[in-house]
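So you can see what is in the structure, the chains are spelled out below.
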Amino acid sequence: MTGTPSRRRHLSALRTPLGVVTALLAITVLVLAVVAPILWTDSAKAVDTDDILAGPSAEHWAGTDNLGRDIVFRTLVATRLSIELALSATLIAVVVGLVLGVAPQLLGRRAGRLVTASINIAVAFPGLLLALFFAVVFGIGATGAVLAIGLAGAPSFARLVQTMVAGVVSLDYVAAARTAGVGRFRILVRHVLPNVAEPLVVNATIGAGGALLAFAGLSFLGLGVQAPAYDWGRLLFDGVSALYVNPGAALVPGLAVLVTGLSFNLFGESIAKAVGVPTQGTALAPRTVVAPRRSTDHAGPATEAPVGGTDDVVLDVRDLEVAFPGADGPVQVVRGVTFAVRRGEAVGIVGESGSGKSLTALAVSQLVDDLGQVDAERLRFLGEDLLTSDTAARRKMLGTSMAMVFQDPMTSFNPTRRIGGQLAEVSRHHHGLDRKQAMARAVDRLGAVRIPAPERRARQYPHEFSGGMRQRAMIGMGIMGSPSLIIADEPTTALDVTVQQQVLDLLAAIRREDDVALVLISHDVTVVGEVCDRVLVMYAGRIVEDLPAADLATAGRHPYTQALVAAVPSMDTALDEPLAVIPGRPVDPADVPPGCAYAARCPLATERCRVEDPPLAGDERGRVACWHAGEPIEPMQLSTTRTDVP
Amino acid sequence: MATTEALRAAPTRTRGAWTANPWVRFGARRAGRLLVSLWVLVTAAFLMIHLIPGDPVRGALGRTASAEVVAARRASLGLDDPLWQQYLHYLKGLLTGDFGTSLISQVPTSEIISQRLPATLWLALLGFLLAVLIAVPAGVAAGVLTRRGHGRRTELGFTTTSVVLGTIPDFMLGVALVYVFGVQLDLLPVAGNSSAAAYVLPVACLAIGPAAILARVIRVEMVAVLQADFVRTARAKRLPSARVYLGHALPNALTAALTLSGLLLTGMVAGTVLVENVFAWPGLGSTITSSILNKDYPVVQAIILMYGLGVLVINSIVDVSLALLDPRSMILED
Ligand code: SF4
């Protein structure tokens, strides 16, 4: 944590409009606190008995109080006392909080725990309640209120410090210092405090705003500053009793409190945001979640009638494109993909990450994030045109005939609902079954995917399932209907090696039983070769080769296909050898080169490749997009070991 | 991934037969914590009187009271006994429903509380209900409208409004409401609780701030949850949008909101003190303020105890509902 970058980050807070405005306001208030009592104390004291509780006039902008004193001047002069009180209270809160917060570190285990437990109990009580308690103990008046608000604020600071200290202490170098025998106190001064200081100051700024508002509250109750002294809260208290006569008497001090409190508060927040400091309020930070995937209601142009003789085609995709908005215009991630899947056929889609294989699957299943633009010349599932707008009938058709299996079974189930209910939901919505019937079917399906004791398991929550079991339950969810197509996106990647095979076997069994087609997206060439009939190899958003799975290992014609296969460690590769990888980097979809996208990495690339994009040309062996398809490549050129990669 | 491992291991952990049930362990732990907090609260309330510098009885009765009266009152309060005896006496009193006697009116504090408590309870309850009724639909709608990559402007407007409304202290909001609806428009009563209309302003005053904060959190959570894998799964089941948002996304967004609403509700309990003072509401809040000013310490002590109790009860309710809503939260604590 060096000074310069952190100062630069502080300054970056000033670049946001909110940061600038609140900083200016806070500075103005601080200046006023210094100069106002010097300049205007006399004007604020001037009693004008002829002009008691008057409304606004040219002489008194906001009218006068019950002794005829000018409200505006009184408010200005009160700035100093209000700020002094708020800052003193904040100081108390920070100091006491700091002491309590680091105490568990300095004291032994037992005493430390006790302090922690006390803090935990204290933070559960709202600050105002603690302040009332302390106000009673310390007595009514300014001093009592400072102590009360300061001590009431201490527990939340203590909690904050404690969390931060725990974070610092667990750092490697601190732990190392401790094992090296450096004393607790020294560690505290050397390592902990410097790390805690910045967030503490930022939070103190936020806290000062809160203290100001709290003071106004206590004074408003009559428990704060007592006459003849006056702060904003006191002025507000007096003003409220004259609300019917001169609302200005409440409005002006009220605004002063509000604007000042808010500007301290928001200034602190904007620094915190700029510096990335935790605040007391961020305990509820949103948890991390993966990128969104949502369906799109895409209305495309009506397309021609299905080609004759394709009755057994389950899925018919022609010239599919998916684009996402990028920094400089839309980025095409899938660039014209054409393929069909027949009844009972298993088609694998392989490629490196970023090749567009997952998006192709999501686009086909209408689950692309709705920021994504899906376009196609044709997109048909079971003869139904998916490019027309969404209807309930179509939802039912998709819900019962197309099953999805996602990569991470851990996050793909709703954690707050029982497994059985999540399965049953499909039948309740699409088959019109009642709760009991739907649940019976869910139990039956769980049994079908070989989950033992399905009755009991159906009543459990996802977190009570193991990873493999969850993935089987996910497949079970897919067969609540009678699917014609299962789309599985890396279904085994997140699983232990031992259960991967079980899941693949299960998919195979389901396919056999009902002649279900499968689209299997995977980066694992071996799995695809084993499970599928046909393989689509994707690179940079296009299909570069379409070949029978049996040919994948030895008869791939596209250099990229061969490179993918070569990168798989074979049985005779020694385990301690570095993993082979394809040399070069995948193409950035925002910047696809002209000519063949693979040219930069291809050992066969010639001048033509760099200028002319090879079309996907079909023959009896499949389809391939390469000017030099099938030409021999030295095995050494295909892959490299990881050590060669920058 | 330590938590993942813990989650996986939790249900199969072998312990004694009944301690293996996570609900039993959860209940036992929660009850233990409640008891400790209760003890701390009661002790703090007891010590409060003894921490006050000077003689509280003299303070309450004023300088004019004769020494005999003060001495007699001290004796009747047992203030001359050793501290531990007073403590035991206090605890015994609490168990038998004796919360002490007002120094000034000589009325048992339990009587004062039973008179004043209902008004405060209604205020807090209605305020909370109103806050939830505003915050949940507003937060969900804003979340859906501003999900990733959508509604930039809506998001800015929503966040600004909710930050401002959430930061204005409720007593100031109250004063403003009194001025606008009571003084200027003369539409609604601004004091007491004698008619249904009299509830409108105090309840609104109490609810607006927490509603704004809650709505903001629900929106943020909704936006996050809408990106979760399981929402995609729900879409893959081809459920109608309403079902996806309300049936799948909302319950998950609510867990964080529920944690927060515990804080908000306890904050509202404290907020009633100020709001009651703005609207001359005949509840505990206006009583505790006047009792503090009059130095009527037994009444203050009893009311502080009531507030503290309210906070503890609310926190326990929130914890239990959290466990019901998201069973993982219960195990994660182990
Ligand atoms: S077209 Fe040229 S660059 Fe592209 S894969 Fe074939 S040989 Fe390589």
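Quick notes on the rules
Within every chain, residues take consecutive numbers counted from 1 along the sequence as written. All chains are assigned letters beginning with A, and all ligands numbers beginning with 1, in the order in which they are written. Since the coordinates come from a predicted model, pLDDT governs what is reported: local features require at least 70, and pairs of side-chain atoms require 80 or more to be given and counted, while whole-chain, interface and lining totals use all residues. The side-chain quantities take in all heavy atoms of the structure and omit both hydrogens and water. Only DSSP runs of H or I reaching four residues or more are called helices, and only runs of E reaching two or more are called strands; each is numbered from the N terminus. Relative accessible area decides the class of each residue, using a 1.4 Å probe on protein chains only: under 20% of the type maximum gives buried, over 50% gives exposed, and in between gives partly exposed. We call two residues contacting when some pair of their heavy atoms lies within 4.5 Å. Positive charges are assigned to Lys and Arg, negative charges to Asp and Glu, while His and the chain termini are left out of the count. Where a charge sits is defined by one atom per residue type, namely NZ (Lys), CZ (Arg), CG (Asp) or CD (Glu). UniProt positions are given in the numbering used here, feature names are shortened, and annotations may be inferred rather than shown by experiment. Defined here as a combined quantity, buried area equals the accessible surface (1.4 Å probe) lost by two parts on assembly, summed across both. Salt bridge, as used here: a side-chain nitrogen of Lys or Arg that lies within 4 Å of a carboxyl oxygen of Asp or Glu. We define a polar contact as two N or O atoms separated by no more than 3.5 Å, with the added condition that, inside protein, one atom must be a possible hydrogen donor and the other a possible acceptor, whereas residues neighbouring each other in sequence contribute only through side-chain atom pairs. Residue types Ala, Val, Leu, Ile, Met, Phe, Trp, Tyr and Cys, when buried and joined through side-chain atoms within 4.5 Å, form a set referred to as a nonpolar core. By convention here, the domain bounds are inherited from an automatic or database domain assignment. Every definition here rests on a 1 Å grid over the protein atoms only: cavities are sets of points where a 1.4 Å probe fits but cannot get out, pockets are open sets enclosed by protein on both sides within 12 Å along at least five of seven lines, and lining residues have some atom within 4 Å of a point. Grid points are joined across faces, edges and corners, and a volume is the space filled by probe spheres set on the points. Amino acids are sorted into nonpolar (Ala, Val, Leu, Ile, Met, Phe, Trp, Tyr, Cys and Pro), charged (Asp, Glu, Lys and Arg) and polar (every other residue, Gly among them).

1. So, the overall build of chain B
Moving on, step 1. The helix and strand tally for chain B stands at 14 helices and zero strands.
Moving on, step 2. N-terminal to C-terminal, the α/β element order of chain B is α-α-α-α-α-α-α-α-α-α-α-α-α-α.
Moving on, step 3. In terms of overall dimensions, chain B has a C-alpha envelope of 85 × 65 × 30 Å along the principal axes.
Moving on, step 4. Every one of the 334 residues in chain B was classed for burial, and the buried ones make up 49%.
Moving on, step 5. Looking at chain B alone, contacts between residues at least 24 apart form 73% of all its contacts between residues at least 6 apart.
Moving on, step 6. One way to put it: in chain B the 26 positive side-chain charges average out to a point 14 Å from where the 18 negative ones average out.

2. Quick word on the UniProt feature "domain: ABC transmembrane type-1" (unreviewed entry) in chain A
Moving on, step 1. Here the UniProt-annotated "domain: ABC transmembrane type-1" (unreviewed entry) positions come out as residues 79-268 of chain A.
Moving on, step 2. Between the end C-alpha atoms of residues 79-268 of chain A the distance is 20 Å, and the span holds 84% helix and 0% strand.

3. Focus: the interface of chain A and chain B
Moving on, step 1. Opposite the 73 residues of chain A that make contact, chain B presents 80 residues.
Moving on, step 2. Buried surface at the junction of chain A and chain B, summed over both partners, amounts to about 6,800 Å²; 70% is from carbon and sulfur atoms.
Moving on, step 3. Seen at the junction of chain A and chain B, the total is two salt bridges.
Moving on, step 4. Note that E425 of chain A and K237 of chain B form a salt bridge whose closest N and O atoms lie 2.7 Å from each other.
Moving on, step 5. Summed over the shared surface of chain A and chain B, the number is 14 residue pairs in polar contact (both at pLDDT 80 or more).

4. What about the nonpolar core?
Moving on, step 1. Counting residues in hydrophobic clusters, the biggest one holds 99 residues, and the most contacted among them are L132 and W232 of chain A together with F171, M172, I288 and Y307 of chain B.
Moving on, step 2. In terms of residue count, helix α13 (residues 297-325) of chain B provides more of this core than any other element does, 13 residues in total.
Moving on, step 3. No fewer than three residues from each of domain 1 (2-95) and domain 2 (109-331) of chain B sit in this core.
Moving on, step 4. Apart from the residues within four sequence positions on either side, F171 of chain B is in contact with L213, A216, G217, F220 and L236 of chain A together with L274 and V278 of chain B.
Moving on, step 5. Grouped together as the second largest cluster of nonpolar side chains are 65 residues, V443, L506, L552 and A597 of chain A included.

5. Side note on empty space enclosed by the protein
Moving on, step 1. Per the stated rule, a full pass over the model turns up seven cavities of 30 Å³ or more.
Moving on, step 2. Its volume calculated, the largest cavity comes out at about 110 Å³.
Moving on, step 3. Around the largest cavity, the lining residues are G399, M402, A403, M404, V426, M474, M477 and G478 of chain A together with T233, A236 and K237 of chain B.
Moving on, step 4. Listing elements by their share of the lining of the largest cavity, those giving two or more residues are β7 (402-405) and α17 (467-478) of chain A together with α10 (229-236) of chain B.
Moving on, step 5. Along the lines of polarity and charge, the residues of the lining of the largest cavity split into seven nonpolar, three polar and one charged.
Moving on, step 6. One number sums up the size of the second largest cavity: a volume of about 70 Å³.
Moving on, step 7. Every residue lining the second largest cavity is listed: H558, P559, C596, Y598, A599, C602, A605, C609, P614, C626 and W627 of chain A.
Moving on, step 8. In the lining of the second largest cavity, the residues fall into ten nonpolar, one polar and no charged.

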